[in-house]
2 protein chains.
Amino acid sequence: MATRLIRKLGYFTCLSTGDVQAISRLSGSQLRLYRPRELIMREGDRPEFINLFLDGWACRFKDLENGKRQIMSLFVPGDLCDVNVFILKEMDHSIAALTSVTVAEVSRSVFEELIINHPRVTQALWWETLVSASIQREWTTSLGQRDAAERISHLFCEIFTRLDCVGLTVGNTCPLPMSQAEIGEASGLTTVSVNRVLQDLRKANLIALRQRTLTILDFDGLKRRAMFNPNYLHLDRDGDHLAANS
Amino acid sequence: MATRLIRKLGYFTCLSTGDVQAISRLSGSQLRLYRPRELIMREGDRPEFINLFLDGWACRFKDLENGKRQIMSLFVPGDLCDVNVFILKEMDHSIAALTSVTVAEVSRSVFEELIINHPRVTQALWWETLVSASIQREWTTSLGQRDAAERISHLFCEIFTRLDCVGLTVGNTCPLPMSQAEIGEASGLTTVSVNRVLQDLRKANLIALRQRTLTILDFDGLKRRAMFNPNYLHLDRDGDHLAANS
DNA sequence: CGTCCCCTTGAATGAAGTCAATACGCGTGG
DNA sequence: CCACGCGTATTGACTTCATTCAAGGGGACG
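Treat the numbers as computed from the prediction; the structure is a model and nothing was measured.

1. Some words on the interface of chain B and chain A
One widely used convention gives an interface's size as the accessible area the parts lose upon coming together. Residue-level contacts link 39 residues of chain B with 39 residues of chain A. Contributions of two or more residues to the side of chain B that touches chain A are made by strand E4 (58-63), strand E5 (69-75) and helix H4 (119-145) of chain B. The element contributing the most residues to the side of chain B that touches chain A is H4 of chain B, with 14 residues. Residue composition of the side of chain B that touches chain A, by class: 14 nonpolar, 15 polar and ten charged.

2. Points about the protein's contact with DNA strand C
Around DNA strand C, a shell composed of 15 residues is seen, among which Ser179 and Gln180 of chain A together with Asp147, Ala148 and Ser193 of chain B lie nearest. Mapped by element, the contributors of at least two residues to the surface near DNA strand C are helix H6 (180-187) and helix H7 (191-203) of chain A together with helix H7 (191-203) of chain B. Here the surface near DNA strand C is built from residues that sort into six nonpolar, seven polar and two charged.

3. What about the domain arrangement of chain A?
All names here are of chain A. On domain assignment, one finds that chain A holds domain 1 (3-124) and domain 2 (147-226). The straight-line distance from the C-alpha centre of domain 1 to that of domain 2 is 24 Å. At the interface, 14 residues of domain 1 touch twelve residues of domain 2. Going through the elements one at a time, helix H1 (3-9) and strand E5 (69-75) are the ones with two or more residues in the side of domain 1 that touches domain 2. Split into classes, the residues belonging to the side of domain 1 that touches domain 2 amount to seven nonpolar, three polar and four charged.

Conventions adopted
Residues numbered from 1 in each chain as written. Chains lettered and ligands numbered in written order. Predicted model: local features only at pLDDT ≥ 70, side-chain atom pairs only at ≥ 80, totals over all residues. Contact = placed C-beta atoms within 7 Å. Helix = DSSP H or I, 4+ residues; strand = E, 2+ residues; numbered from the N terminus. Nonpolar A, V, L, I, M, F, W, Y, C, P; charged D, E, K, R; others polar. Near = placed C-beta within 6 Å. Domains from an automatic or database assignment.

Okay, here's the thing in structure tokens:
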């Protein structure tokens, strides 16, 4: 079921019952399972579906000629992979599962049927697209201007907030199913640096992290350390001012 | 006139005469002029227009609490600033002019009229949106995995290619109206580092750069130095495979 | 029991940042 | 016309943060 997505879009606007049902129908699309590290889309592929992530984590990444890899973004349950990708002839990067992953493969026709008949959902998906772009810009900012500890702290603040709005946190804990190497690939650091930063954050009593579970012991402190401002996630019911038009 | 945008969209698909006329009408929107360094949108503003850049360069940027600034993306003539931004309640970053800038302020109603009546233009604008997102991911990759010389070389390759596809290059030269400090803000480096990298690229006979004009003396060499693969710009007539559906 | 992956730690190295001084080009106003 | 100021570019010396290299430890699993 697409409950994660529906819950997330609720941060943008109030969806009607019909809207909710229409979105639910997306997860009636062909489901596909991937194992950890399995490729979901490969650079050069022609995109044929919009992947709706129902369960598990995945990432976009690019391998460079010099052997380095950058994880450019993360997918968590409730995320959609590029509304309207099939407009592009081929993928310019790859997508891989980080954990076991379940996706619904939404076809072009199913998607178009949805947006033609549900203008409010269309708006909500636009919002989702704009937020994804905003997250990507924030990652650019992190890599450009934040030091190692700030980057990782920021990443953790973002992940916790994103998971919280799809109901995947428990108290001050959330899953974090990434190895230190993968955290490094996402934050432009080496495994060794990630490890040292994590030690520091633990010593400062900001976080605990073990067995792929993150506990945020001092969210305010972590936010301060990260210079984290959640405004870029646009979770404050952005859509309300558009209600009159719907 | 919106000739730059029209020319760019031509890399995606063949537009009909009616499509072209409809896009041209966008530049009949309220025009606005900005001077160098003037703010075009401010963090916290409610977006009310889609800015279509007709002339001059601008940038998105974010100021961090520690006083650092990251330029997250560049706008050159023919670029659109966030199709459908008015869905967001407020801007999470600012946009400033780098040079003197002319924009057309496209209102929500004018924009909606365009996409309702011109499905092929709608597709082309989706393509533009997806390419912008792709560029943002490439910047993330650059900042995460490329060293100083590679970042700046990559930036130059990208800028030249983008300008070329809107007709703003002359031979192997193009405008580059950014100070070394601004190049640094875009590439996550200090002015001093930018200066040293530029010396190196000049000594290697890859580029010349003076008076805000970039000359690429050895594009292949520069691409190699940058690990530049233009696939992420999707300029190879991506739209052709969709022709049957239009 | 051995292997593989992941995490941890120390020491040496290196890329980019910081600090600081100087030079250059250009427009303004005396 | 020249002096001045301002923004921009350049250069050298020093520092620092993160990387690299290398080694070892722990846990899961066949």
